[in-house]
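# Report on the structure
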Amino acid sequence: GTQKARTGRLKKPFVKVEDTCQLYRPFYLQLTNMPLINYSIQKPSSPFDVDKPSSIQKQTQVKLRIQTDGNKGGGIPVQLQLKEKKKKGYCECCLQKYEDLETHLLSEQHRNFAQSSHYQVVDDIVSKLIFDFVEYERDMPKKKRIKYSI
Ligand SMILES: [Zn+2]
């Protein structure tokens, strides 16, 4: 019952892009305000930054509230935690979308790829480079470093 009429005209203002052969679906941009070059905004801000003081204030207020709530729980603000937890994306090795990066990296499919010989193309290029750093031996934990004092 939620099917809307699929015919009609776009609400203004809009941008509509379609291929001239009309083989693909058009795509649209509809905004209440089209971008406007704002010369009065301070450099190096983007001239397309809209300085709507009311909406910006609201946003920062919300952020602050969330952060203070998170600090009660312990240390890291809630927003940061969420951002770090949920890194969505697409893995080009597995040809797979993932909801959480860390979880995907631990999946069997990805680990198999990571340990496979698929990186030979990278290693072939690396093998042409010259290693000219100083390579130290691994630090032995037993050895005490001499501390100099003045
Ligand atoms: Zn993967």
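Here the residue numbering is sequential within each chain, running from 1 through the sequence in written order. Per-residue local features of the predicted model are confined to residues with pLDDT of at least 70, and side-chain atom pairs are confined, for both listing and counting, to 80 or more; whole-chain, interface and lining totals are unaffected and use all residues. Where side-chain values are given, they derive from all heavy atoms of the structure, hydrogens and water being excluded.

### Thoughts on the overall build of the chain
Numbering goes from the N terminus for both helices and strands, where a helix is a DSSP run of H or I of at least four residues and a strand is a run of E of at least two. Check the secondary structure of the chain and you find five helices and four strands. Element order for the chain, N to C, with α for helix and β for strand: β-β-α-α-β-β-α-α-α. A 1.4 Å probe rolled over the protein chains alone gives each residue an accessible area, and that area as a share of the maximum for its type sets the label: buried under 20%, exposed over 50%, partly exposed in between. The buried share of the chain, reckoned over its 150 residues, is 7%. Computed with the Shrake-Rupley method and a 1.4 Å probe, the accessible areas treat only the protein chains shown as cover for residues. As presented, the chain carries roughly 15,700 Å² of accessible surface, and 56% of it is formed by carbon and sulfur atoms.

### Let's talk about the coordination of the zinc ion
Distances up to 2.8 Å from the metal define which N, O and S atoms are donors, and 3.2 Å serves for Na, K and Ca; water is absent from the atom set, so sites may look incomplete. Distances from the zinc ion to its protein donors, Cys91 (SG), Cys94 (SG), His104 (NE2) and His110 (ND1), fall at 2.0 to 2.3 Å. All donors of the zinc ion belong to a single chain; written as a sequence motif, their spacing is C-x2-C-x9-H-x5-H. Of this pair, Cys91 sits in strand β3 (residues 89–91) while His104 sits in helix α3 (residues 101–105), and the two are 13 residues apart along the sequence. You'll find Cys91 and His104 in the same group, each marked buried.

### Quick word on the side chain of His104
A residue is classified by how much of its surface remains accessible, and His104, at 6% relative accessible area, is buried. Ignoring any residue separated from it by four or fewer positions in sequence, one finds His104 in contact with Cys91, Cys94, Gln96, Tyr98 and His110. We call two residues contacting when some pair of their heavy atoms lies within 4.5 Å.

### Some words on the confidence of the model for the chain
Averaged over all residues, the pLDDT of the chain equals 82, while 68% of them reach at least 70. Across residues 54–74, where pLDDT falls below 50, the model places ten contacts with residues more than four positions away in sequence or in other chains. How sure the predictor is of each residue is captured by pLDDT, a score from 0 to 100.

### Structural notes on a nonpolar patch on the surface
Here a patch means residues that are over 30% exposed by relative accessible area and free of salt bridges, tied together within 9 Å if like-charged and within 5 Å if nonpolar (Val, Leu, Ile, Met, Phe, Trp, Tyr). A side-chain nitrogen of Lys or Arg and a carboxyl oxygen of Asp or Glu constitute a salt bridge if their distance falls within 4 Å. Together, Val15, Val17, Phe27, Leu29 and Leu31 line one region of the surface with nonpolar side chains, adding up to about 400 Å² of accessible area. Contributing elements (two or more residues each) for the nonpolar patch: β1 (14–17) and β2 (27–30). Here Leu29 is to be found in strand β2. Residue class for Leu29 comes out partly exposed when judged on its relative accessible area of 40%.

### Points about the packing of aromatic side chains
Each pair of aromatic rings taken from Phe, Tyr and Trp, with Trp reduced to its six-membered ring, is defined by centres within 6.5 Å and is described as stacked if the planes are under 30 degrees apart, edge-to-face if over 60, and tilted in the remaining cases. Per the stated rule, a full pass over the model turns up two aromatic pairs. Ring geometry for Phe113 against Tyr119: centres 5.5 Å apart, planes inclined by 85 degrees, an arrangement best described as edge-to-face. With relative accessibility at 18%, the residue Phe113 sits in the buried group. Relative to Phe133, the ring of Phe131 lies with its centre 6.0 Å away and its plane at 65 degrees, an arrangement referred to as edge-to-face. Like Phe131, the residue Phe133 is exposed in the burial classification.

### As for the side chain of Asp100
Position of Asp100 among the secondary structure elements: in the loop between β4 (96–98) and α3. Engagement of the side chain of Asp100 in a polar contact is seen with the side chain of Thr103, the distance being 2.4 Å. Under the rule applied, a polar contact is a pair of N or O atoms within 3.5 Å (in protein, one hydrogen donor and one hydrogen acceptor; residues adjacent in sequence only if both atoms are side-chain atoms).

### Things to note about unusual backbone geometry
Along the chain, Lys12 connects to Pro13 via a cis peptide bond; the corresponding omega equals 0 degrees. Look at the link from Lys43 to Pro44: it is a cis peptide, with omega at 0 degrees. The topology assignment puts Pro44 in the loop between β2 and α1 (53–74). One non-glycine residue, Gln22, adopts positive backbone phi at about 60 degrees. Tracing the sequence through the fold places Gln22 in the loop between β1 and β2.

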